[in-house]
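Examining the three-dimensional arrangement
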Amino acid sequence: MAASGAKNKQQQQRAAAAGGAGRRRRKVPDAEEKSWQKAGLKLNEEISSDSDAESPAVGGKRKKDSEAEEEIEETAQEKKLRLAKLYLEQLRQQEEEKAEEEALEKDLVAGRLKEDVLEQKGKLQRLIAKDLQPPDTAAIRVLRGHQLPITCLVISPDDKCIFSAAKDCSIIKWDVESGKKLHVIPGGKKGTEAQHVGHTAHILSMAISSDGKYLATGDRNKLIMIWEAVTCKHLYKFTGHRDAVTGLSFQKGTHQLYSASHDRSVKVWNVAENAYVETLFGHQDAITGLDSLSRECCVTSGGRDGTVRVWKIPEESQLVFYGHQGSIDCVQLINEEHMVSGADDGSVALWGLSKKKPLTTVRQAHSNHGAQGLEQPYWISSVATLLNSDVVATGSHSASVRLWKCGEGFRRLEPLFDIPLIGFVNSLKFSNAGDFLVVGIGQEHRLGRWWRIKEAKNSICIIPLQRTAAGSAQPADGS
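Now for a quick tour of the structure. All figures in this text were calculated on a predicted structure; none of them were measured in a lab. (Residues numbered from 1 in each chain as written. Predicted model: local features only at pLDDT ≥ 70, side-chain atom pairs only at ≥ 80, totals over all residues. Heavy atoms only, no water.)

1. A short note on a negative patch on the surface
Counted only if it meets this: Put simply, a patch holds well-exposed residues, over 30% relative accessible area, that have no salt bridge, with like charges counted together within 9 Å and Val, Leu, Ile, Met, Phe, Trp or Tyr side chains within 5 Å. Residue burial considers only the protein chains on display, and all accessible areas are found by Shrake-Rupley using a 1.4 Å probe. By definition here, a salt bridge exists when the distance from a side-chain nitrogen of Lys or Arg to a carboxyl oxygen of Asp or Glu is within 4 Å. His is not counted, nor are the chain ends; Lys and Arg add positive charge and Asp and Glu add negative charge. Where a charge sits is defined by one atom per residue type, namely NZ (Lys), CZ (Arg), CG (Asp) or CD (Glu). Helix and strand assignments come from DSSP, with helices taken as H or I runs of at least 4 residues and strands as E runs of at least 2, each series counted from the N terminus.
There is a patch of like negative charges on the surface, built from Glu95, Glu97, Glu100, Glu101, Glu102 and Glu105. Take glutamate 100: it is sitting in helix H3 (residues 56–121).

2. Some points on the sheet that holds strand S12 (residues 245–250)
Heads up, the rule is: Whether two strands pair comes down to DSSP finding at least two bridges between them. Fitting a line to C-alpha atoms yields each axis, with helices limited to the stretch in contact; the angle taken between N-to-C directions then spans 0 to 180 degrees.
Read from one edge of the open sheet, 4 strands run S12-S13-S14-S15, paired in antiparallel fashion. Sheet topology places S12 and strand S15 (275–281) at the edges, where each strand pairs with a single neighbour. Adjacent strand axes in the sheet meet at a mean angle of 20°, parallel and antiparallel pairs treated alike. Pairing of strand S14 (residues 265–270) with S15 involves 6 bridges; the strand directions are antiparallel. The partner of tryptophan 269 across the bridge, within S15, is tyrosine 276.

3. With respect to the pattern of salt bridges
Note the threshold: Burial classification: accessible surface area is computed with a 1.4 Å probe over protein chains only, and a residue below 20% of its type maximum counts as buried, one above 50% as exposed, and the rest as partly exposed.
Evaluated as defined, the whole model comprises 12 salt bridges. A salt bridge links glutamate 89 to arginine 92; the nearest nitrogen and oxygen atoms lie 2.3 Å apart. One end of the pair, glutamate 89, and the other, arginine 92, are both in helix H3, 3 residues apart, so they sit about a helical turn from each other. For arginine 92, a relative accessible area of 39% corresponds to the partly exposed category. Across the salt bridge formed by lysine 167 and glutamate 444, the nearest N and O atoms sit 3.0 Å from each other. One end of the pair, lysine 167, is in the loop between strand S5 (161–166) and strand S6 (171–175); the other, glutamate 444, is in the loop between strand S31 (436–442) and strand S32 (459–464), with 277 residues separating them in the sequence. Each of Lys167, Glu444, Arg449 and Arg452 takes part in a single network of salt bridges with overlapping partners.

4. Digging into a nonpolar patch on the surface
Taken together, the side chains of Tyr87, Leu88 and Leu91 make up a nonpolar region of the molecular surface, amounting to roughly 310 Å² of accessible area. What makes leucine 88 exposed here is its relative accessible area of 54%.

5. With respect to the packing of aromatic side chains
Quick reminder of the rule: Stacked, tilted and edge-to-face are the three classes applied to pairs of Phe, Tyr and Trp rings, where Trp contributes its six-membered ring and a pair requires centres within 6.5 Å; stacked means planes under 30 degrees apart, edge-to-face means over 60, and tilted covers the rest.
Inspection of every chain in the model, using the stated rule, returns 7 aromatic pairs. Taken together, a centroid distance of 6.4 Å and an interplanar angle of 10° make the contact between tyrosine 236 and phenylalanine 238 stacked. By relative accessible area, which is 21% here, tyrosine 236 ends up partly exposed. Consider the rings of tryptophan 379 and tryptophan 450, whose centres lie 5.3 Å apart with planes at 65°: the pair is edge-to-face. Of this pair, tryptophan 379 sits in the loop between strand S25 (376–377) and strand S26 (382–385) while tryptophan 450 sits in the loop between S31 and S32, and the two are 71 residues apart along the sequence. Through a chain of ring-to-ring contacts, three or more aromatic side chains come together here, namely Tyr236, Phe238, Trp269 and Tyr276.

6. Remarks on the pairing of S26
Of the two faces of S26, both are covered, the one formed by Ser382 and Ala384 as well as the one formed by Val383 and Thr385. As defined by bridge partners, S26 adjoins strand S27 (residues 391–395) across 4 bridges and the pair is classed as antiparallel. Within S27, the residue paired with threonine 385 across the bridge is valine 392. Between S26 and S27, which follow one another and run antiparallel, lie 5 residues, and asparagine 388 among them has a positive phi close to 60°.

7. Side note on the side chain of glutamate 336
Threshold: Pairs of N or O atoms within 3.5 Å make up the polar contacts considered here, provided that, within protein, one atom can donate a hydrogen while the other can accept it, and that residues adjacent in sequence are counted only when both atoms are side-chain atoms.
Relative to the assigned elements, glutamate 336 resides in the loop between strand S20 (328–333) and strand S21 (338–343). For glutamate 336, a relative accessible area of 4% translates into the label buried. In this structure the side chain of glutamate 336 is engaged in a polar contact, spanning 2.6 Å, whose partner is the side chain of serine 294.

Right under this line is the structure:
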């Protein structure tokens, strides 16, 4: 058995030697090398010169096997590298997005700070007037609830609610979207002041704090009442004025309240502390209107003394402006450096705080009425401004509310369009976003009963403001 095994082994070795002698290696030409590479074969493979030509079926099978083998080898080798590259790419994208967000946030903060600086300087002017379109009269909503003429109204800072007051001594809180009453504070009869929680005389003025927390109302009975705006709960009662309270305004961003009265004084109150601060004197006639913004100062219209005054509270000083020929019945700030006023001589004036005379005055802003030869201008009973913009609204009893565009540098006042409304326009307010205008209509003037328009309805009108394009916030030098 051992001899036989040894013999077989020797025969196998001779056969292997014979086979090796019959083989040789050859160099692969360039063209053939490329074709082999396309077929997926490696260049260091041994090629037998004595091998027979392979059939197409066998060649295709070998090609597929080779491609599969190479694919498997590449996936295994490059998997970690590919995942690492993918991870690095994701990190790079995240860092780029983070950098973009930080840059955008910085731009937004810088833009907001720039806006605040321009606003404080009175040079921020959003050019909105050119985009406004006359509203469809069918889109105007009318809210009825007061029995007597509406005298004043305010809009909550979030534009969701309207507070209105009237000569019937009542206060109504309205929902803007639905037009429904959210709360009613009824008026009381004269002589019931001790028992009734609320007003018992004509309410002539109203203001709401910029955070929407406090509502202040003033009446003909010399009283100022403070309410919780959300619940309409009565909080405080301020006494001190010696005549009707005709103007109220909160300093923006604070709970400091300014009040004006027919007693010719301006008083300062701290509502959060339920405290009186000081009294300012200067007007020579009954004060008819008051407004303020974020600076510690307020502006007032002095009725028949013919002046508009700016009161600087910390300095305890005042600036006096002359311009109208009649009784100045209303005043509103456009920004920290400009304001608009209206008088019973039918004129509307634009003012800059750096000049004692109006920058521009429009006479007979709502035209005239009366028999020929006895024409009289329509009184300007209310004005409103869209804060830090070039849009102004004025009201009278001329059967329309008129919107105006302030020209460059507030040196021109150009009429835009009229909105037909019958009755005395006793109060006007733009929404904070500029989406709508709220009008308080009455059959009589808010301060008296000189005329009575019987066909008018004591109501609140919500007028949607339509634009052709979004108004752009462009700072303009209003100096």
